[in-house]
Amino acid sequence: MPTVTVNRVTAHLSDGSRIDIPYWDVNSGKEGTFFLVIANQHGNEVNGCEAIRRFIEVAQRKLKKGRVVGLPFANRLALHQRRPHINMAPEQPYGDDRGHNMNRTWPGDPNGNDTQRLSHAIHEGIAKHADAVLDLHSWSRFTATASIIKADKPELYELARVAAIRFVRVVKGEKPEPQDKPSTITRKFLEAGKLAITIELATQYAIVEHEVQRGLRAALNIAKHLGLMEGEPELDEPVIFLDNVEEEQVKAPVDGLFVEAPVATWDRVEKGQKLGHIIRDDTLEVVEILSPRSGWLKEFGCRREHCDVALPAQHPYASKGDLLASVVQPRES
Ligand SMILES: [Zn+2]
């Protein structure tokens, strides 16, 4: 049987205090890949924390080779504040991070700000020793769950297919950067010739069962793909690479309250299928919103910019022209 321990790394903060970051460490006792799964770099993104707990529960029974580390609370300081980064005011956008977006701080800095000190402790204690990383995030519920990979790494396309998340965002054309420039943990892994994938589960500030299951399945599938566990990955076709799709957006034709039909991002919709309706607040007329094509629902629901930090931006009152949905279909190859 593999051994499971709870270990910790310690970050020394700028005020002289210290904070431990605990992780589950599952060791098979046999040689093999060291697979790291981390979550909660942004304090309001919590689906991945539970996905990791369940992943470790399986790993401790089924790991046959190598080592698995699950680190569910990468940014405990932001977790305690219940916001994306530390020291954020209400409704302050993600982008306004003042150097505290952990996702841009890797490999961290022992003499930097407190966020850089956290990533430094994790990098030195664990990340730099791992061979592959799955970095679990969550974005708003309005955008479908997606894997994110770099276009110039062919092996990542297979990893994304195996992760079995419906959509894959392919990041292209990034400028080469000096190796010492702080960046994402995945970029640092890829620069070192290792494997790395990010998954954005959907819904923040909340734990949603189907998102936890998607994150768990991705972690288990990747572990099987890496030869750490028995069995074939459990696939979910199609996996749609968003750099090769036809996309049609649905925008609000009038002002009014958008009432969603019982459909959800990730799912298949057919041309003419009802996506919801708008109740006009000037005439009380009801305007049906239909899918303009058959395909897969990539965006759904009425929202505006910064809906990841602000409640009014999530309000279902649509202004004419607001995005309500986007339906994609893989291009015929
Ligand atoms: Zn995030």
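A short tour of the structure in this document, coming up. (Residues numbered from 1 in each chain as written. Predicted model: local features only at pLDDT ≥ 70, side-chain atom pairs only at ≥ 80, totals over all residues. Heavy atoms only, no water.)

A few words on the coordination of the zinc ion. Here the zinc ion is held by the protein donor atoms His42 (ND1), Glu45 (OE), Glu45 (OE) and His137 (ND1), which lie 2.0 to 2.5 Å from it. Coordination geometry of the zinc ion: the four donor atoms subtend angles of 56 to 154° at the metal centre, consistent with an arrangement described as irregular. (Donors = N, O, S within 2.8 Å, 3.2 Å for Na, K, Ca; no water. Tetrahedral: all angles 85-135°; square planar, octahedral: opposite > 155°, others 65-115°.)

This next bit is on the environment of Leu13. Among the secondary structure elements, Leu13 is positioned in the loop between β1 (3-12) and β2 (18-27). Separated by 104 residues in sequence, Leu13 and Arg117 place their C-alpha atoms 6.6 Å apart. Apart from residues no more than four positions distant in its own chain, Leu13 is found in contact with Ile19, Leu77, Asp114 and Arg117. (Helix = DSSP H or I, 4+ residues; strand = E, 2+ residues; numbered from the N terminus. Contact = heavy atoms within 4.5 Å.)

Quick look at the sheet that holds strand β17 (residues 323-330) now. The four strands are arranged β10-β17-β15-β12 in an open sheet whose pairing can be described as antiparallel. Across the chains shown, the open sheet's two edge strands, defined by having one partner strand only, are β10 (245-251) and β12 (268-269). (Pairing = 2+ DSSP bridges.)

General note: in soluble globular proteins, nonpolar side chains tend to be found buried as a group. Counting 67 residues, the largest nonpolar core has Phe35, Leu36, Phe55, Val68 and Leu134 as the members making the most contacts within it. In terms of residue count, the dominant contributor to this core is helix α6 (residues 209-225) (seven residues). Once residues lying within four places of it in the same chain are set aside, the contact partners of Val68 are Trp24, Asp25, Val26, Phe35, Phe55, Ile56, Ala59, Leu63 and Leu228. Core analysis: the second largest hydrophobic core is formed by 17 residues, Phe258, Val269, Leu275 and Ala318 among them. (Core = buried A, V, L, I, M, F, W, Y, C linked by side-chain atoms within 4.5 Å. Buried < 20%, exposed > 50% of the residue type's maximum accessible area, 1.4 Å probe, protein only.)

Once that is clear, we can look at the packing of helix α4 (residues 154-163) against α6. Across the interface, α4 lies against α6 with an axial gap of 8 Å and an inter-helix angle of 130°. Between α4 and α6, the angle falls in the class oblique. Here α4 and α6 pass one another in a crossing that is right-handed. Across the interface between the two elements, Glu158, Leu159, Val162 and Ala163 of α4 pack against Ala218, Asn221, Ile222 and His225 of α6. Considering only residue class, the contact of α4 with α6 consists of five nonpolar, two polar and one charged. (Axes fitted to C-alpha atoms, helices over the stretch in contact; angles between N-to-C directions. Parallel < 35°, antiparallel > 145°, perpendicular 65-115°, else oblique. Left-handed = near helix turned anticlockwise from the far one by under 90°. Nonpolar A, V, L, I, M, F, W, Y, C, P; charged D, E, K, R; others polar.)

Nothing here speaks to function; it is all geometry.
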